[in-house]
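# A look at the structure
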Amino acid sequence: MATRDPLDFDVGVEVDEEGTPSPSSISPPSSPLSYLDRDRHVAFFEMLYDLMPYHYQSQEINRLTLAFFTISGLHLLQALDRVDKDRVANWVLSFQALPRSRAELKNGQFYGFHGSRTSQFHPDENGVSVHNAGHLASTYCALAILKTVGFNLLTIDKESILISMRNLQQPDGSFMPVHVGAETDLRFVYCAAAICFMLEDWSGMDREKAKDYILNCQSYDGGFGLMPGLESHGGGTYCAVASLRLMGYIEDDLLSKNATSFIVNVPLLLDWCMQRQAIDGGFQGRANKYSDTCYAFWVGAVLKILGGYKLIDKIALRRFLLSCQSEFGGFSKYPRELPDLYHSYYGFTAFSLLEEPGLNPLCAELGMIDLAALGIL
């Protein structure tokens, strides 16, 4: 079982000799359960909440990401009562990278949240913290966890996060996840937009530059690549559309509006998304790839934001997702494989989009529970 940052879409996929993803079987189990086994899934996530299995020990650097999937997964399953909310909040807050003075906010580092204890370094003999800054994806996960457990985000040092986050935005509008030596693509534009949205303060980014970068990533076929000129990708398309929605550049449920033009090519985008539902009912992340549990969220959420989710074959999608449901609890990437935390979480988000009974409603733009719908916000 492998996990990854919440927006790291294609890591750890087995390939055949020709480099094509090769699931152990693309046929569903002979007798999959015909219903979502909620109790078994709750037990699966409770196990992960209490103890990190050894399969995940190499991912310790992403501990906050693992915690986000686990805690938000329990919330999706209406089982947040299994979580010690105060203890979780205090634990998450301990990962924030804090400057020693306001002047340090201009030193180029990002004072967000670390991914784990192993990324927190003590100052050297001169009192300098070397490579001790936060990470955008970890900060997104930290704030999402805090919102989930009911912590008031307005009480944290958001100024340090937002001022230093501007250090990560590049001249073309993209973002690096850390202050040095990292890639730039739509994943981190999305993280920055989600962080500003959750903190209710957009001073952490130049929205116009970010918007221009996103628009430059739309491909000829309507989808979005992770960077300008790259192949359209389900994860990149989600990051683009969700970011534009969070930043206020597109309205919710665009297809119901009477506008003659939109900031993106909506008809082409809708067509690309609809083509991602495969004959087995699942969604693929790119053309000519196998269906994969997580893309039922990445692509499905785009359709939800656009107002086109009603156009998919929901019965076929539900059947595919159930074929990836594990007898141990959780979901696998493909049918008849072992479950992992990443695909389990996005399996539940996909079922939430399908309005499955027994699951909390989802905020498609943030990829977590719709707290406003629950009357929490």
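See the structure shown above.
What you see is a predicted model, and the numbers here were worked out from it, not measured in a lab.

### What to know about the state of the cysteines
Applying the stated rule across the entire model yields zero disulfides. Free cysteine: Cys 191, not disulfide-bonded; nearest cysteine sulfur from Cys 239 at 7.2 Å. On the basis of relative accessible area, Cys 191 is assigned to the buried category, the value being 0%.

### A look at the environment of Arg 276
When you line up the elements, Arg 276 lands in the loop between helix H9 (266–274) and helix H10 (295–306). With relative accessibility at 5%, the residue Arg 276 sits in the buried group. Spatially, the C-alpha atom of Arg 276 lies 9.5 Å from that of Ala 296, the residues being 20 residues apart in sequence. Those residues within four positions of Arg 276 in sequence are excluded, and the remaining contacts are Gly 282, Phe 283, Gln 284, Gly 285, Arg 286, Ala 287 and Val 299. Looking at Arg 276, its side chain comes within polar contact range of the main-chain oxygen of Trp 272, at 3.0 Å.

### Here we look at helix H5 (residues 158–165)
Helical geometry: 3.6 residues make up each α-helical turn, so side chains three or four residues apart lie on a common side. Of the positions making up H5, those classed as buried are Ser 160, Ile 161, Leu 162, Ser 164 and Met 165. Considering only its buried residues, H5 is in contact with helix H4 (136–148) and helix H6 (186–199).

### Observations concerning H9
All of the buried residues in H9 are Val 266, Leu 269, Leu 270, Trp 272 and Cys 273. Looking down the long axis of H9, one finds its buried residues gathered within 160° of arc, a one-sided arrangement. In the core, the buried residues of H9 are packed alongside helix H8 (234–246) and H10. One side-chain oxygen at the N-terminal end of H9 lies 3.1 Å from the backbone nitrogen of Leu 268; it belongs to Asn 265.

### Examining the layout of surface pockets
When its volume is computed, the largest pocket comes out at roughly 450 Å³. Within the residue set of the lining of the largest pocket, elements represented by two or more residues are helix H1 (38–50), helix H2 (63–76) and helix H3 (85–93). Element by element, the count of residues in the lining of the largest pocket is highest for H2, at five residues. Taken together, the residues of the lining of the largest pocket sort by class into twelve nonpolar, one polar and four charged.

### Comments concerning the pattern of salt bridges
Counted by the stated rule, this structure contains 15 salt bridges. A salt bridge links Asp 39 to Arg 38; its shortest N-O distance comes to 3.5 Å. For Glu 183, the salt bridge is made with Arg 187, and the minimal N-O distance between the two is 2.9 Å. Glu 183 gets classed as partly exposed once you look at its relative accessible area, which sits at 42%. On the accessibility criterion, Arg 187 (10% relative accessible area) is buried.

Procedures and definitions
- Residues numbered from 1 in each chain as written.
- Predicted model: local features only at pLDDT ≥ 70, side-chain atom pairs only at ≥ 80, totals over all residues.
- Heavy atoms only, no water.
- Disulfide = S-S within 2.5 Å.
- Buried < 20%, exposed > 50% of the residue type's maximum accessible area, 1.4 Å probe, protein only.
- Helix = DSSP H or I, 4+ residues; strand = E, 2+ residues; numbered from the N terminus.
- Contact = heavy atoms within 4.5 Å.
- Polar contact = N/O pair within 3.5 Å; in protein donor to acceptor, adjacent residues only side chain to side chain.
- Arc of directions from axis to C-beta.
- 1 Å grid on protein atoms, 1.4 Å probe; cavity = no way out; pocket = protein on both sides within 12 Å on 5 of 7 lines; lining within 4 Å.
- Points joined across faces, edges and corners; volume = space filled by probe spheres on them.
- Nonpolar A, V, L, I, M, F, W, Y, C, P; charged D, E, K, R; others polar.
- Salt bridge = Lys/Arg side-chain N within 4 Å of Asp/Glu carboxyl O.

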